Amino acid sequence: MKILTLLSVFGPYLFTDSVNIENSAGQFFSSGHTNNWAVLVCTSRFWFNYRHVANTLSVYRSVKRLGIPDSHIVLMLADDMACNHRNPKPATVFSHKNMELNVYGDDVEVDYRGYEVTVENFLRVLTGRLPPSTPRSKRLLSDDRSNILIYLTGHGGNGFLKFQDSEEISNVELADAFEQMWQKRRYNELLFIIDTCQGASMYERFYSPNIMALASSQVGEDSLSHQPDLAIGVHLMDRYTFYLLEFLEDIHPSSKTNMNDLFKVCPRSLCVSTPGHRTDLFLRNPESVLITDFFGSVRKVEITTEVLNLTHPIQRVEGSPVNGESHREVYSYVDQLPVSEIIHQKPKQKDWHPPDGFILGLWTLILLVFFKTYGIKHLKHIF
Amino acid sequence: MAAHRCRYLACLLLLFLSVILVTMSQETTLGHEQHELVIRPLHSGDIYASFQFRTVWETDFMKGNKVSHYRLFPKSLGQVISKFSVRELHISFTQGYWRTMQWGQPFIPSPPGAELWVWFQDSVTDVDATWKELTNVLSGIFCASLNFIDSTNTLQPSASFKPLGIGNGTTDHRFLRYATLPREIVCTENLTPWKKLLPCGSKAGLAVLLKSEKLFHSSFHSQSVHIRPVCQDRQCKSSSWELRQALNVVFDLHTSGQSKREWSLFKMFSRTLTEACPLASSSKIYIDVTDNPQEEQFELSPATPLLSQAVVLGDRRTFSVYDLTQQVTFGTVRSLNLMIRWKSSEGDMLRPLLHAERYVTGYGLQTGEIHTLMYNNHPFRSFPVLLLDSVPWYLRLYIHTLKVISKGKDNNPSYIHYQPSKDRERPHLLEMLLQLPPHSVTEVTVQFERALLKWTEYTPDPNHGFYVGSSVISSLVPSTVAMETNITMEQPLFSSFFPCKEESSYFARVYTEPLLVNLPTPDFSMPYNVICLTCTVVAVGYGSLYNLLTRSFQVEEPNPGLAKRIANVIRRMRGVPPL
């Protein structure tokens, strides 16, 4: 009887405890990130590589739509396609033929453009070793609780990716950069997507934990482009990113789709190449990783009832009109082309030059001393 | 006792109200906003639209006050000005080249690409370091590659680019820095942060018309930001900050207008106006109707009774005015779509008094010659012109070949300032003050030699060529009517940008075309080819030679058959010599 009453008293607690353990266990396996960043890079120059810019902009568009703000996106485009003089529709970059979807949009902010997209700048952004005067919008200010999405597209080969037709980044360099990021605790989890020929070779050398990688083709295979538009005259998108964009268009900020669905994007029948992925370095099970963990920006809100007292507001100092009378000089507009003043202006010489004739005099002195000591008979040896 | 308390309460209430009123009035005098759009139909059928957004902020940075309350003035620019002790800042991004012969003079001129010139305060000790930091910060704000501005393309003009704002008389050109990037592209990513600087953004007022798909599909597009100190009132004893954002665009008749001489706000911008920005104290549209007094050239609808005259660019022009702060402008449909329909296509040709050209002559990749032509189209007046030429260091100018010829005779400049270039450190700077004779062409020629760059200094696409920035020609052009010398608040914005000191001439700045020159470019696929060829030659040639010299030949018995081998084995066992 007593045991029964005891059980009835403690029973509910035991029951709720087990539910709590399940909850906390579930939370233990969910991601521990607090902010999201994205680094989207297009490495190709010239008008016929329109599709690489369209690839990057479609990922930018999805990432922005799912919540990551411009301040947390570092967008690098190696060439300007939208306002290129060969573009029949300026200020637009289309991803679907018949100009259905303008991925350039109306409020795009490109951080690195044109000649600024180099291997050095890309590695500096990743590792954070930028010159002190670099503005905030060009920095990757991530911390150890950031989930970073890195997307690269362009022309590549077995073990390298070509930047701007003049330099390459190798898979070893990339793996070392990620290791530096891990050691500096610059990421919590990293998703690496690459859409180039033989893209799987780029993630072969990774050795830092918590990296998941996807590529559009295996080693020895080419990534193919999707469809040309006859009005614009170039291929608009690559196949892998085209189907990736279609997949991402169905995602909204609260969707529960996980990474296994992302691995199934673009099977061989549609893509011609075989997309690959690598998850052995990732601690969590890909099935429990949500797409929005990397593509969206889920802000965790903590409600508190604590009260914080603010200090006194900053007093606005009025331009002391009482004691400023002595400084009251009358200002005036400056003459834009004061002809007489300019004619009588003497330009200041900044570099010091020795006075005229000094060098000539110096050489004369040297020759004089030489002939005095050694005599005139040496003259014929010189002239 | 009750009466006392009543009076006491009444006094308190009055005090309270007066305090509120005082603070409110202080709020409203902190600054004001003016918006303006000027539409000028051009003779060739194109149409020129110029937006100007002006914010005046009554605060004095120069006295060193710390500011924390930003209302109309954008915070990003306010912090830049105070941190880098900037006195004046002018930055412009332009796509296209302004054709003076066909379009006349723009209200605010700008060269193709990006241009930045800054006057620093007297308190700055290291101007070069501050300039470098400022360009980096601005490149982040405007999403442009302004960080490519370094000592190889920064100039310090000695007489051009005098400050456009107020000052106390002295202008030391040590605090001026000027740089252009002719290669800079302008696209939506530059327009987006520019629009974010406006107090209403692009959500209300004239800025809703700024849609990038239409603005960049034009012959000319230029957006600029100008910050300078201006007089607060007529006495000019204290200064306030003025921020002007200007956007000039010229729409082409054939690409945007579908070859029909009929323009409307919807056709130009794909939007109509529904309201003015509530933060603006004045928001107006001016249509230039000077050539259309009796409506014989074009018809303007909806009609407006407001007409105003202004003296701008040396001419008195008449404008039809639409005041967007009045509800009656929008009519019953609550939206304003201005339409300009052309009836006849005759008109006077534009004869601008001053325009300039620049081109490169010569052949081959060794030498060349730069020609700058300046045209003075005034029939009887000559006027002074200040030419600022900047050439990058890799075009080595032969300054002894500099010639200035007007009307077949030598024209000696009254002032020359030449600073030679230093390889990889600074560019050439040439400034000349010339007097252009009336109705003449002045030609300035100088020969140059092209340098060979180090292979790491080439851009990824070197066969495109290298750009030489535009020449700047500043001049005092004689005007046909008396100019307004008192800059007041009541003047429309387009006529009050350049200050006027005398009535008989106005200040104008003309930019020439940028030049594109090819430098001797190595074949960058050459190392790969050389390695292949060298390895083949070494393998085939050296290998064969080595074998020939060191190989020795030995005679070898052929292998005997199986029967013979068995017989040899048996004979060896017997101790008999083999076969």
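Residues numbered from 1 in each chain as written. Chains lettered and ligands numbered in written order. Predicted model: local features only at pLDDT ≥ 70, side-chain atom pairs only at ≥ 80, totals over all residues. Heavy atoms only, no water.

## What about the overall build of chain A?
For chain A, the count of helices and strands is eleven helices and eleven strands. In chain A, which comprises 383 residues, the proportion classed as buried is 47%. Looking at chain A alone, contacts between residues at least 24 apart form 72% of all its contacts between residues at least 6 apart. Total accessible area on chain A stands at roughly 21000 Å², and carbon and sulfur atoms take up 58% of it. (Helix = DSSP H or I, 4+ residues; strand = E, 2+ residues; numbered from the N terminus. Buried < 20%, exposed > 50% of the residue type's maximum accessible area, 1.4 Å probe, protein only. Contact = heavy atoms within 4.5 Å. Areas by Shrake-Rupley, 256 points an atom, 1.4 Å probe, with all protein chains shown as cover.)

## Structural notes on helix α2 (residues 75–83) of chain B
Residue and element names in this part refer to chain B. Turning to α2, its buried residues number three or more, namely Leu77, Gly78, Val80 and Ile81. Considered in projection along α2, the buried side chains sweep an arc of 160 degrees and stay on one side of the axis. Once α2 ends, the next one or two residues include Ser85, with phi positive near 50 degrees. (Arc of directions from axis to C-beta.)

## Considering the side chain of Asp80 of chain A
Residues and elements named next belong to chain A. Residue placement: Asp80 occurs in the loop between β2 (73–77) and β3 (112–113). Although Asp80 is buried, it makes no salt bridge; Arg113 carries the closest opposite charge, 5.9 Å away. Polar contacts involving the side chain of Asp80 include one to the main-chain amide nitrogen of Cys83, which spans 3.3 Å. (Lys, Arg positive; Asp, Glu negative; His and termini not counted. Salt bridge = Lys/Arg side-chain N within 4 Å of Asp/Glu carboxyl O. Polar contact = N/O pair within 3.5 Å; in protein donor to acceptor, adjacent residues only side chain to side chain.)

## Examining empty space enclosed by the protein
Residues and elements named next belong to chain B. Under the definition given, this model contains nine cavities of 30 Å³ or more. Volume-wise, the largest cavity comes out at about 190 Å³. Lining the largest cavity are 17 residues, with Leu313, Met483, Ser495, Phe497 and Phe498 sitting closest to its centre. Taken together, the residues of the lining of the largest cavity sort by class into 13 nonpolar, three polar and one charged. (1 Å grid on protein atoms, 1.4 Å probe; cavity = no way out; pocket = protein on both sides within 12 Å on 5 of 7 lines; lining within 4 Å. Points joined across faces, edges and corners; volume = space filled by probe spheres on them. Nonpolar A, V, L, I, M, F, W, Y, C, P; charged D, E, K, R; others polar.)

## Description of the interface of chain B and chain A
In this complex, chain B contributes 66 residues to the contact, which on the side of chain A involves 48 residues. For the pair chain B and chain A, the two sides together bury roughly 5400 Å², of which 57% comes from carbon and sulfur. In this structure, the connection of chain B to chain A is made through five salt bridges. The salt bridge involving Arg113 of chain A is made with Glu184 of chain B; its shortest N-O contact spans 2.5 Å. Linking chain B with chain A are 21 residue pairs in polar contact (both at pLDDT 80 or more), by the criterion used here. Here the side of chain B that touches chain A gets five residues from one element, more than from any other, and that element is helix α5 (residues 188–196) of chain B. Partitioned by chemical class, the residues of the side of chain B that touches chain A number 24 nonpolar, 28 polar and 14 charged. Both strand β11 (residues 332–333) of chain A and strand β6 (residues 166–167) of chain B contribute to a ladder of two bridges, which runs antiparallel. Residue pairing across strands places Ser332 of chain A opposite Gly167 of chain B, the latter belonging to β6 of chain B. (Buried area = accessible area lost by both parts, 1.4 Å probe. Pairing = 2+ DSSP bridges.)

## A closer look at the UniProt feature "active site" (unreviewed entry) in chain A
Residue and element names in this part refer to chain A. Taken from the UniProt record, the annotation "active site" (unreviewed entry) applies to His155 and Cys197. These residues run over 43 residues, yet every pair of their C-alpha atoms falls within 6.5 Å of each other. Position of His155 relative to the elements: it lies in strand β5 (residues 155–157). Residues within four places of His155 in sequence aside, it is in contact with Thr43, Ser44, Asn49, Arg51, His52, Leu161, Lys162 and Thr196. A distance of 2.9 Å separates polar atoms of two side chains, one belonging to His155 and the other to Asn49. (UniProt positions renumbered as here; feature names shortened; annotations may be inferred.)

## A short note on the packing of aromatic side chains
Tallied over the entire structure, the rule returns 38 aromatic pairs over all chains. Relative to Phe206 of chain A, the ring of Phe192 of chain A has its centre 5.2 Å away and its plane inclined at 80 degrees; by these criteria the two rings are edge-to-face. Of this pair, Phe192 of chain A sits in strand β8 (residues 189–195) while Phe206 of chain A sits in the loop between β8 and β9 (211–215), and the two are 14 residues apart along the sequence. A single burial state applies to Phe192 of chain A and to Phe206 of chain A, both of which are buried. Ring centres of Phe51 of chain B and Phe269 of chain B lie 5.5 Å apart, and the angle between their planes is 75 degrees; on these two criteria the pair is classed as edge-to-face. Here Phe269 of chain B lies in helix α7 (residues 265–269) and Phe51 of chain B lies in strand β2 (residues 47–57), a separation of 218 residues in the sequence. Taken together, the ring pairs connect Tyr48, Trp98, Trp103, Phe107, Phe220, Tyr286, Phe319 and Phe494 of chain B into an aromatic cluster. Sitting over the ring of Tyr112 of chain A, Lys138 of chain A keeps its end group 5.4 Å from the ring centre. The ring of Trp263 of chain B has Lys267 of chain B sitting right over it, with the charged end atom 5.5 Å from the ring centre. (Phe/Tyr/Trp six-rings, centres within 6.5 Å; stacked < 30°, edge-to-face > 60°. Lys NZ or Arg CZ within 6 Å of the ring centre and 35° of its normal.)

## With respect to the state of the cysteines
A complete count under the given rule lists four disulfides over all chains for this structure. Here Cys200 of chain B is linked by a disulfide to Cys277 of chain B, with a sulfur-sulfur distance of 1.8 Å. Around the S-S axis, the bridge from Cys200 of chain B to Cys277 of chain B shows a dihedral of about 80 degrees and counts as right-handed. With Cys200 of chain B in the loop between α5 and α6 (212–215) and Cys277 of chain B in the loop between α7 and β11 (282–288), this residue pair connects regions lying 77 residues apart in the sequence. Looking at the unpaired Cys42 of chain A, the closest cysteine sulfur is the one in Cys197 of chain A, lying at 14 Å. Using a relative accessible area of 0% as the deciding quantity, one classes Cys42 of chain A as buried. (Disulfide = S-S within 2.5 Å.)

## What to know about the pairing of strand β13 (residues 307–312) of chain B
Pairing analysis gives six bridges linking β13 of chain B to strand β14 (residues 315–323) of chain B, with the strands arranged antiparallel. Within β14 of chain B, the position partnered with Ser308 of chain B by the bridge is Phe319 of chain B.

## Section: the sheet that holds β3 of chain A
Residue and element names in this part refer to chain A. Judged by pairing direction, the sheet is mixed, and its seven strands sit side by side in the order β3-β2-β1-β4-β8-β9-β10 without closing on themselves. Looking at which strands have only one partner, the edges of the open sheet turn out to be β3 and β10 (276–278). Note: strand β1 (residues 35–42) against strand β4 (residues 146–153), eight bridges, orientation parallel. Bridging from a neighbouring strand, Trp37 pairs with Ile148 of β4. Running over the sheet, helix α2 (residues 50–65) touches β1, β2, β4 and β8 and is turned about 165 degrees from β2. (Axes fitted to C-alpha atoms, helices over the stretch in contact; angles between N-to-C directions.)

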